[in-house]
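Letter by letter, the chains look like this.
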Amino acid sequence: MNPTPLIFAYDHQQDPVHGSMGEAEALADIPQALLRGDTLHWPNPSELEVVRHYTRLSQRNFSIDTHFYPLGSCTMKYNPRIAHEGAMLAGFARLHPQTPAPAMQGLLGILWELQEWLAAVTGMAAVSLTPAAGAQGELAGVAMIRAYHHTRGDHQRKRMLIPTAAHGTNPASARMAGFTVVEIPNGPDGDLDLAALDAALGPDTAGIMLTNPSTLGVFERQIVQIAERVHGAGGLLYYDGANLNAILGRVRPGDMGFDVMHLNLHKTLATPHGGGGPGAGAVAVRERLLPFLPQPRVARDGQDRYRWLDAGDLPASIGRLSAHAGNIGVLLRAHAYLRRLGREGVERVSRYAALNANYLLKRLQAAGFQAAFPERRASHEFILSVADLQRENGIRALDVAKRLLDYGIHAPTVYFPQLVPECLLIEPTETESKATLDRFVEVMQRIRQEALETPRLLREAPHHLPVGRLDEALAARRLDVADRG
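Residues numbered from 1 in each chain as written. Predicted model: local features only at pLDDT ≥ 70, side-chain atom pairs only at ≥ 80, totals over all residues. Heavy atoms only, no water.

Under an unreviewed UniProt entry, the protein has the name Aminomethyl-transferring glycine dehydrogenase subunit GcvPB and belongs to Acidithiobacillus sulfuriphilus.

**Considering the overall build of the protein**
A tally of regular secondary structure across the protein gives 17 helices and 15 strands. Referenced to the eigenvectors of the C-alpha coordinate spread, the extents of the protein come out at roughly 80 × 65 × 45 Å. Counting only residues that meet the buried cut, the protein has 49% of its 485 residues in that class. With an accessible surface of roughly 23,700 Å², the protein has 53% of that area assigned to carbon and sulfur atoms. Averaging the coordinates of the 49 positive side-chain charges in the protein and doing the same for the 51 negative ones gives two points 4 Å apart. (Helix = DSSP H or I, 4+ residues; strand = E, 2+ residues; numbered from the N terminus. Buried < 20%, exposed > 50% of the residue type's maximum accessible area, 1.4 Å probe, protein only. Areas by Shrake-Rupley, 256 points an atom, 1.4 Å probe, with all protein chains shown as cover. Lys, Arg positive; Asp, Glu negative; His and termini not counted. Charge placed at Lys NZ, Arg CZ, Asp CG, Glu CD.)

**Let's talk about the nonpolar core**
Counting residues in each nonpolar core, the largest one holds 58 residues, and the members touching the most others are Leu118, Leu197 and Leu265. If we ignore the near neighbours within four places in the chain, the residues touching leucine 118 are Val127, Leu129, Leu263, Leu265, Leu269, Ala282 and Leu338. Listed in part, the 29 residues of the second largest apolar core include Leu364, Leu389, Val400 and Tyr407. (Core = buried A, V, L, I, M, F, W, Y, C linked by side-chain atoms within 4.5 Å. Contact = heavy atoms within 4.5 Å.)

**Details of empty space enclosed by the protein**
If a probe as big as a water molecule is rolled over the atoms, it shows which places are left empty. Within this structure, the stated rule accounts for three cavities of 30 Å³ or more. Roughly 90 Å³ of internal volume is contained in the largest cavity. If you go around the largest cavity, the residues you meet are Pro163, Ala165, Ala166, Asn170, Asn186, Leu192, Met209, Leu210, Thr211, Ser214 and Glu220. Of the residues contributing to the lining of the largest cavity, the split by class is six nonpolar, four polar and one charged. Of the volumes computed, that of the second largest cavity is approximately 60 Å³. Taken together, the residues of the lining of the second largest cavity sort by class into nine nonpolar, one polar and three charged. (1 Å grid on protein atoms, 1.4 Å probe; cavity = no way out; pocket = protein on both sides within 12 Å on 5 of 7 lines; lining within 4 Å. Points joined across faces, edges and corners; volume = space filled by probe spheres on them. Nonpolar A, V, L, I, M, F, W, Y, C, P; charged D, E, K, R; others polar.)

**Let's talk about the sheet that holds strand S5 (residues 180–184)**
The strand order across the open sheet built from seven strands is S3-S9-S8-S7-S6-S4-S5, with neighbouring strands paired in mixed fashion. At either end of the open sheet lies a strand with only one pairing partner, and these are strand S3 (126–128) and S5. Across this sheet, the average inter-strand angle for adjacent strands is 25 degrees, counted without regard to direction. Where helix H5 (residues 105–122) meets the sheet, its contacts fall on S3, strand S8 (260–263) and strand S9 (283–285), and the angle it forms with S3 comes to roughly 125 degrees. Taken strand by strand, helix H6 (residues 134–151) contacts strand S4 (159–163), strand S6 (205–210), strand S7 (236–241), S8 and S9, and its axis lies near 175 degrees from that of S7. (Pairing = 2+ DSSP bridges. Axes fitted to C-alpha atoms, helices over the stretch in contact; angles between N-to-C directions.)

**Side note on H5**
The first and last C-alpha atoms of H5 sit 26 Å apart over 18 residues, in line with the 26 Å expected at 1.5 Å per residue. Of all 18 residues in H5, 13 are buried, a share of seventy percent or more. Immediately beyond the C-terminal end of H5, within one or two residues, lies glycine 123, with a positive phi of roughly 75 degrees. (Expected span 1.5 Å × (residues − 1).)

**A word on the packing of aromatic side chains**
Applying the stated criterion across every chain yields a total of three aromatic pairs. Ring geometry for phenylalanine 68 against phenylalanine 440: centres 5.3 Å apart, planes inclined by 80 degrees, an arrangement best described as edge-to-face. Highlighted residues: phenylalanine 68 in the loop between helix H2 (47–60) and helix H3 (81–87) and phenylalanine 440 in helix H15 (residues 434–453), separated in sequence by 372 residues. Judged by its relative accessible area of 0%, phenylalanine 440 is buried. Across the ring face of phenylalanine 369, the terminal group of arginine 448 is positioned such that the distance to the ring centre comes to 5.1 Å. (Phe/Tyr/Trp six-rings, centres within 6.5 Å; stacked < 30°, edge-to-face > 60°. Lys NZ or Arg CZ within 6 Å of the ring centre and 35° of its normal.)

What follows is the structure in structure tokens.
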């Protein structure tokens, strides 16, 4: 495409708003140093050239619609089209967020139903849908814990306990809410170290943030004892809902003893979230934290009338987290997904997530890969370590991940959690077929053989993509995303 010089001269004389104002007069208030001195050059392609350009770019992309995406801790699963179609209905898509409540009863009814369904599936008393991301949901959760303690006059409770295997956003959210973070180690079997927990508990403990199943891919078997000890010390339990699809419909965080949690609706309930968004981090609480839920929430007056609950209704609320009522498109998708699944379907999600993960774990162990916790069953994801390959031929987890791309499989998460050396965190999700999992095993077997026989092949991978092996540190410092082809 040869760029054609285009000069955009706005004719203010034809402008019905500005009347007969000339161009010189219109530019008079702009400093000369800020005015362009040469012609603005824009490409001037045809429609066909534009279509081909963006189609070629899309064909270079890895996506869940085209490739297997075993990205541990991120739940990159197929999202049914019916959820997207529902969210794009004109009555929702064209609705202005400032529409008065009497004129948006349909949307409010759906949001109220979603609040109720999420409360039921998590075992909590009430839900607020306003957080626009999982991390914002975390911040809301720990802010409610802080508000709870301050309301009771417990101003000394400033320490938040967080396991070593926690998601990185947990300590960040706790610090943003004004807490001091105390790290609690995990034992060799993946469970929390109860002795270390007991040593950390005290009158200054605000609470503990846990993911269950944890990022180590195992279910915390001591959760009842942990809840009893934290509550006994006057603290509260926060549940990071990042791994909720592992237990959805079978175990409820509220029944485990958690007081507050966030749900990653974009991971668990039907919105693609690659590239950092869009998201929704709804928060759910038990009765003791109900007054502090962020606003606005939806209430039902009578059988078929809905209204917003705002500051006047919720005087103890931690306040607003977004300009309006959260990421409505994601919330609509979550509602459509839950309605499509029904009660039995919700439980199938977690059953197949666990089945696929355990099937894959056993197959890969049989192929010679080392599991980080070989005596534990997987929840919905699991950790492999290739430390043996590093010792044998210097092959790292990053090399395995890069080589997978040559076989048309997206790389799993690498080097997280950091306490497992040379680790791959793998999550097949519930939406993948046995045939896809079997092919993944075959590819991993082939890569393991390559690592032992021709390690250079892995160190220089990928070989068949538009971009080869990059210097990650340099790429981060000098980002260049220009299309060269």
